[in-house]
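What follows is the residue order along each chain.
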Amino acid sequence: MNSARTVWGIGLTTVAAEDIVLDAWFPELGLGAAELEGADADRAEAWNAHTGADERRAVTVAAVRLSIDLDSPPASTADAYLRLHALSHLLVRPNDLNLDGIFAHLPTVAWTNAGPLLPADAARLRPHLQRNGIQVQGIDKFPRLTDYVQPKGVRIADASRVRLGAHLSPGTVVMHEGFVNFNAGTLGAAMVEGRISQGVTIGDGSDIGGGASIMGTLSGGGAQRITIGARTLLGANAGIGISLGDDCIVEAGLYLTAGTKVVLVDAAPTNAGTQPTVKAAELSGGNGLLFRRNSLSGAVEVLQRAGRGVQLNDTLHA
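Looking at an unreviewed UniProt entry, the chain carries the name 2,3,4,5-tetrahydropyridine-2,6-dicarboxylate N-succinyltransferase, with the source organism given as Microbacterium esteraromaticum. In its Function (unreviewed entry) section, the UniProt record describing the chain reads: "Catalyzes the conversion of the cyclic tetrahydrodipicolinate (THDP) into the acyclic N-succinyl-L-2-amino-6-oxopimelate using succinyl-CoA." Per UniProt, the comment on the chain under Pathway (unreviewed entry) is "Amino-acid biosynthesis; L-lysine biosynthesis via DAP pathway; LL-2,6-diaminopimelate from (S)-tetrahydrodipicolinate (succinylase route): step 1/3."

See the structure below:
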């Protein structure tokens, strides 16, 4: 196993009836050669103290130690969780590890304020759970990021909208309507008031406006990984299906798919005296572009803009 592409982790796993592994928490993890063999007795005893049966949820908590190859696909539930932890601890960037088949290793779980349990057990044990003040907060394959990782230097207004496996760099602010999926996130300080889908990365100093959406690859059969560069603004209620480079602006309310016909405002006119048009996909990844909709003709236009793009409020992102 290549130590440079290895992640090790030590922590706890939750196991339901019939040895169904529900989750794994890795408070100790790192890159490189595994430290599993060298873990001293005190560390082992510390985690063993938290193991045992939890009859309230019909689960058992067990210690877990694991080392995985990032270039191989996930092989178990604990393996999948270690990959998600590595992303959220910023040990690896989105799209820089193998997540093939991860959904098959993530059971659908009833997430509660006391930890996970099987959905069937949540229904069966409802009176018992209520007496113990345990509430079901969601039923999903992915848990909330903040139940497992508290990213440093990051603000998250609504924890239910950020999944474990989100990669959030220091200085990032995720407001109440912001959403960040697993294997997606920010590569620097950023404002997130819109939706960052799986596989999408946002550059330093960029702003995803309220209600804005970025296409991912989980739905619709798309394979293109979308990136947004530095100091770029995606306006409120806008959307993109192409990548944007540095210092770009997409006007509020404008949805720009790969097939959108875009008028090149700065280009020389055609022989017919009109401005040429291209599909937006041909402009993917370009720097210093302003996309807007002509208020008279309704045509989508692009023009080159000068200077730097947006500048975030230093106080908000300190």
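And the narrative resumes.
(A) Molecular detail of the UniProt feature "active site" (unreviewed entry) in the chain. Here, the residues flagged by UniProt with the feature "active site" (unreviewed entry) are E193. Along the polypeptide, E193 turns up in the loop between β13 (191-192) and β14 (195-196). Ignoring sequence-local partners within four residues, the contact set of E193 consists of M175, E177, G178, D207, I208, G209, G210 and G211.

(B) Local environment of the layout of surface pockets. Roughly 280 Å³ of volume is contained in the largest pocket. Taken together, 16 residues line the largest pocket, and the ones lying closest to its centre are D23, G115, P116, D147 and Y148. Of all the secondary-structure elements, those providing two or more residues to the lining of the largest pocket are β1 (6-16), β2 (20-31), β5 (109-112) and β6 (115-117). Broken down by element, the lining of the largest pocket gets its largest block of residues, three residues, from β1. Per-class residue counts for the lining of the largest pocket are six nonpolar, seven polar and three charged. Counted as a void, the second largest pocket has a volume near 210 Å³. Forming the walls of the second largest pocket are W111, Q137, G138, I139, D140, F142, P143, R144, D147, S160, R163 and F179. Tallied by class, residues from the lining of the second largest pocket come to five nonpolar, three polar and four charged.

What counts, and at which threshold
- Residues numbered from 1 in each chain as written.
- Predicted model: local features only at pLDDT ≥ 70, side-chain atom pairs only at ≥ 80, totals over all residues.
- Heavy atoms only, no water.
- UniProt positions renumbered as here; feature names shortened; annotations may be inferred.
- Helix = DSSP H or I, 4+ residues; strand = E, 2+ residues; numbered from the N terminus.
- Contact = heavy atoms within 4.5 Å.
- 1 Å grid on protein atoms, 1.4 Å probe; cavity = no way out; pocket = protein on both sides within 12 Å on 5 of 7 lines; lining within 4 Å.
- Points joined across faces, edges and corners; volume = space filled by probe spheres on them.
- Nonpolar A, V, L, I, M, F, W, Y, C, P; charged D, E, K, R; others polar.

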